[in-house]
Amino acid sequence: MSRREELAERLGHVQSKISRSDVTLIVVTKTYPASDVQILHELGVRNFGENRSEEGAEKSAIVGATWHFQGGIQSRKLRDIALWADVIHSLDNSGHISKLESATQKSMDVFLQLSLDGDPSRGGVIESELAVLADQVLATANLKLLGLMCVPPVDADPRKAFIEISQIHRRFISRYPGASSLSAGMSGDYEIAMDCGATHIRVGSSILGPRAPHE
Ligand SMILES: *Cc1c(COP(=O)(O)O)cnc(C)c1O
């Protein structure tokens, strides 16, 4: 089977599981070559995600699409990320919001990253800390608040976690009605996430195959 056939088959499988028309599939191409991104683009994919600025810059220069950044943010990389990313999913820090506002004139879509358990190594803030960040984003001229992103804790039961995420998101929308998007679900759990209201799923290895374990 050629790489193109393999990607087409796996992409088709994931697409066949998407039952709602408001779900955006972001194909996470981190660690995979730009040639895979090109094939996926030819197969119709228009949303790609990366976790590292260098990789995103390189691939987005080759393939025109909507580019998403969902990795942990290093402050000194924000200006570079803003050069190529259209959407940032992993904002969780007031200093980063200020920096992003001043780093770029272009308008950018952002998600705030929620953490269910407050584990600092996984990124995100707990529910009670969201409003301060959301107010800060709304006060900027160039950042548009799309909604919340969340990765459930490693040992959590995924369905319970996504139900909790969706309840937090509903409370968040009641205060920030424009923030109606929910970025949740990866290869192992995107179907459950969609059941629980995810509007953006970020799927890598189910489409591209297993990657090196450190990613
Ligand atoms: C790598 C990554 C993904 C995609 O993960 P897969 O398990 O390969 O689908 C999604 N979201 C984030 C935040 C990631 O780091």
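Refer to the structure presented above.
Computed from a prediction, not measured in an experiment: that's the story for all the values here.

1. Topic: the packing of helix α1 (residues 3–16) against helix α2 (residues 34–42)
Where α1 meets α2, the axes come as close as 10 Å, and the angle between the chain directions of the two elements is 60°. On the basis of their axis angle, the class for α1 and α2 is oblique. Seen along the crossing, α1 lies across α2 with a hand that is right-handed. Only Asp36, Ile39, Leu40 and Glu42 of α2 make contact with α1, whose side of the interface consists of Arg3, Arg4, Leu7 and Leu11. When its residues are assigned to classes, the contact of α1 with α2 shows four nonpolar, no polar and four charged.

2. Some words on the side chain of Gln113
Along the chain, the position of Gln113 falls in strand β5 (residues 108–114). By relative accessible area, which is 5% here, Gln113 ends up buried. Among the polar contacts made by the side chain of Gln113, one reaches the main-chain carbonyl oxygen of Arg122 at a distance of 3.2 Å. Residues contacting Gln113, with those up to four places away along its chain left out, are His89, Ser90, Leu91, Asp92, Arg122, Gly123, Gly124, Val125 and Met149.

3. Quick look at the nonpolar core
Taken as a class, soluble globular proteins show a tendency for nonpolar side chains to be buried jointly. Membership of the largest hydrophobic core comes to 60 residues, with the highest contact counts inside it found for Ile88, Leu112 and Ile207. The residues contacting Ile88, other than those within four sequence positions of it, are Phe69, Ile73, Leu78, Ile81, Leu100, Met108, Asp109, Val110 and Phe111.

Conventions we followed
- Residues numbered from 1 in each chain as written.
- Predicted model: local features only at pLDDT ≥ 70, side-chain atom pairs only at ≥ 80, totals over all residues.
- Heavy atoms only, no water.
- Axes fitted to C-alpha atoms, helices over the stretch in contact; angles between N-to-C directions.
- Helix = DSSP H or I, 4+ residues; strand = E, 2+ residues; numbered from the N terminus.
- Parallel < 35°, antiparallel > 145°, perpendicular 65-115°, else oblique.
- Left-handed = near helix turned anticlockwise from the far one by under 90°.
- Contact = heavy atoms within 4.5 Å.
- Nonpolar A, V, L, I, M, F, W, Y, C, P; charged D, E, K, R; others polar.
- Buried < 20%, exposed > 50% of the residue type's maximum accessible area, 1.4 Å probe, protein only.
- Polar contact = N/O pair within 3.5 Å; in protein donor to acceptor, adjacent residues only side chain to side chain.
- Core = buried A, V, L, I, M, F, W, Y, C linked by side-chain atoms within 4.5 Å.

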